[in-house]
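# Architecture at a glance
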Amino acid sequence: MSDTNRLSVLKTYKLYVGGKFPRSESGRVYEVTDSKDKWLANAPLASRKDARDAVVAARKAFGAWSGATAYNRGQVLYRVAEMLEGRKSQFVHEVTHAEGLSKSKAAEVVEAAIDRWVWYAGWTDKIAQIVGGANPVAGPFFNLSTPEPTGVVTVVAPQESSFLGLVSVIAPVIATGNTAVVIASEKSPLPALSLGEVLATSDLPGGVVNILTGRTREIAAPLASHQDVNAIDLTGADADLARDLEVAAADNLKRVLRPQPVDGDWSADQGTHRLTAFLEMKTVWHPTGTLGASGSAY
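Notes on the structure in this doc start here. (Residues numbered from 1 in each chain as written. Predicted model: local features only at pLDDT ≥ 70, side-chain atom pairs only at ≥ 80, totals over all residues. Heavy atoms only, no water.)

## A short note on the nonpolar core
Selection criterion: Here, nonpolar core refers to any group of buried Ala, Val, Leu, Ile, Met, Phe, Trp, Tyr and Cys residues whose side-chain atoms link them within 4.5 Å. Throughout, exposure labels follow a simple rule: accessible area from a 1.4 Å probe, protein chains only, divided by the maximum for the residue type, with under 20% read as buried, over 50% as exposed, and the rest as partly exposed. Should any heavy atoms of two residues lie within 4.5 Å, those residues are considered in contact.
Leu 84, Trp 117, Ile 170, Ile 174, Val 182 and Val 209 are the most contacted members of the largest nonpolar core, which has 61 residues in total. Ignoring anything within four residues of it in the chain, the contact list for Ile 170 reads Trp 117, Val 182, Leu 195 and Val 209. Residues Leu 15, Ile 183, Ile 219 and Ala 220 belong to the second largest nonpolar core, which totals 25 residues.

## Re the pattern of salt bridges
In plain terms, the rule: By convention in these notes, a salt bridge is any Lys or Arg side-chain nitrogen within 4 Å of a carboxyl oxygen on Asp or Glu. Secondary structure is summarised from DSSP: a helix means a run of H or I of at least four residues, a strand means a run of E of at least two, and numbering begins at the N terminus for each.
Scanning all chains against the criterion turns up 18 salt bridges. A salt bridge links Glu 197 to Lys 11; the shortest N-O distance between them is 2.9 Å. In this pair, Glu 197 is assigned in helix α7 (residues 190–200) and Lys 11 in the segment before β1 (29–33), connecting sequence segments 186 residues apart. Look at the salt bridges and you will find they share partners, linking Lys 11, Arg 87 and Glu 197 into a network.

## Section: the sheet that holds strand β4 (residues 141–149)
Applicable threshold: Paired strands, as defined in this entry, are two strands with at least two bridges between them according to DSSP.
Read across the open sheet, the 3 strands follow the order β3-β4-β10; overall the sheet is antiparallel. For this open sheet the edge positions go to β3 (133–134) and β10 (279–287), each flanked by a neighbour on one side alone.

## Comments concerning the environment of Ala 200
As for its placement among the helices and strands, Ala 200 is situated in helix α7. A residue is classified by how much of its surface remains accessible, and Ala 200, at 29% relative accessible area, is partly exposed. Separated by 185 residues in sequence, Ala 200 and Leu 15 place their C-alpha atoms 12 Å apart. The contact partners of Ala 200, leaving out residues within four places of it in the chain, are Tyr 16 and Phe 21.

## Some details on the packing of aromatic side chains
Put simply, the rule is: In summary, the pairing rule links any two rings of Phe, Tyr or Trp, Trp by its six-membered ring, whose centres are within 6.5 Å, and it sorts them by plane angle into stacked for under 30 degrees, edge-to-face for over 60 and tilted for everything else. Comment: the charge-over-ring label is applied if NZ (Lys) or CZ (Arg) is within 6 Å of the ring centre and within 35 degrees of the ring normal.
Evaluated as defined, the whole model comprises 5 aromatic pairs. Here Tyr 16 and Phe 21 contribute two aromatic rings whose centre-to-centre distance is 5.2 Å and whose plane-to-plane angle is 35 degrees, an arrangement assigned as tilted. Residue classification places Phe 21 among the partly exposed residues on the basis of a relative accessible area of 34%. An aromatic cluster of three or more residues is present, and its members are Trp 119, Tyr 120 and Trp 123. Directly above the aromatic system of Phe 62 lies the positively charged group of Arg 59, at a separation of 5.7 Å from the ring centroid. The ring of Tyr 30 has Arg 215 lying over it, and the distance from NZ or CZ to the ring centre is 4.8 Å.

## Observations concerning the sheet that holds strand β5 (residues 152–156)
Here is the rule: To obtain an axis, a line is fitted to C-alpha atoms, over the contacting stretch when the element is a helix, and the angle between two such axes runs from 0 to 180 degrees between their N-to-C directions.
Read from one edge of the open sheet, 5 strands run β7-β6-β5-β8-β9, paired in parallel fashion. Edge positions in the open sheet fall to β7 (209–212) and β9 (255–257), since each of these has one partner strand only. Pairwise comparison of adjacent strand axes, ignoring direction, gives a mean angle of 15 degrees for this sheet. Pairing between β5 and strand β8 (residues 231–233): 3 bridges, direction parallel. Looking at the pairing, Thr 154 lines up with Ile 232 of β8. Packed on one face of the sheet, helix α8 (residues 216–224) meets β5, β6 (179–183), β7 and β8 and runs near 150 degrees to β6.

## Focus: the side chain of Thr 216
Inspection of the secondary structure puts Thr 216 in helix α8. Thr 216 sits in the buried class, given a relative accessible area of 5%. Excluding residues that lie within four positions of it along the chain, Thr 216 makes contacts with Val 156, Gln 159, Ile 183, Ala 184, Glu 186 and Leu 241.

## Points about helix α1 (residues 48–67)
We apply this condition: What a helix should span is 1.5 Å times the count of its residues minus one. We define the bend at each residue as the angle formed by axes fitted to the 7 residues ending at it and the 7 residues starting at it. Distance and chemistry together define a polar contact, namely a pair of N or O atoms within 3.5 Å, with one atom able to donate a hydrogen and the other to accept it when in protein, and with adjacent residues in sequence counting only for side-chain atoms on both sides.
The terminal C-alpha atoms of α1, which comprises 20 residues, lie 29 Å apart, in line with the 28 Å expected from a rise of 1.5 Å per residue. The sharpest bend along α1 comes to roughly 40 degrees, located at Ala 61. All of the buried residues in α1 are Asp 50, Ala 51, Ala 54, Val 55, Ala 57, Ala 58, Ala 61, Phe 62 and Trp 65. The backbone nitrogen of Lys 49 lies 3.3 Å from a side-chain oxygen of the residue at the head of α1, namely Ser 47.

This is the structure in structure tokens:
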């Protein structure tokens, strides 16, 4: 049978919450179009209830994920990169339509995103050496500072960079032991939903990353004011929305990462600022002691 006689099998995109693929609680969808306004698919239109469910899933996953060794988290993230590499052609196709790029340019973007995921995977067991350490203090004490994850982080993903920008904001959040509720690009959500399929079949525990699609403001507002969200990344919010979300986030003293100048060029070196943005420093004091009759201290 020739391809022209086959019935088109259209993909049904769903949210990714708690390691599962639910439809929106509201049952709503919205049309996603390419750069030429041609219909691509219907994406779930997440509701406030979906946002709350995502926070519950993220909180449930936080204990085990933050308690895993940094080395193990690096292994898990690297496995995700392996799977992205295996599905590279799919993401090239989706980025081509989402961002109006040529196939060769989209391939460069996808390869950069995979490379960036590997880069963050390598930082999981090294960031503590950069931001932590022993502090000099007056007195017979050891004083040690170590980084710990902030908790549940809401991430407003970039609107224009549907895959490279998306990876650049998700990977550092989870690399340091946080869990994430991600609001995908409203205009180009399909690469994010496909990323959810990769995460679901990788070693990443369910709930560590939760992906919502729909109207950015509608989803972000309840998450910014949610009392069980510890931090919010405003990268994908415009100036007016970012201001409103920051005001709402102040209610329970959330950490807030404002859009950065480098966000305009996702191919640029990202540095470590996203790794440290959602870390808390724990400082421990311990008295020094003496060794044997000599009285020498350690």
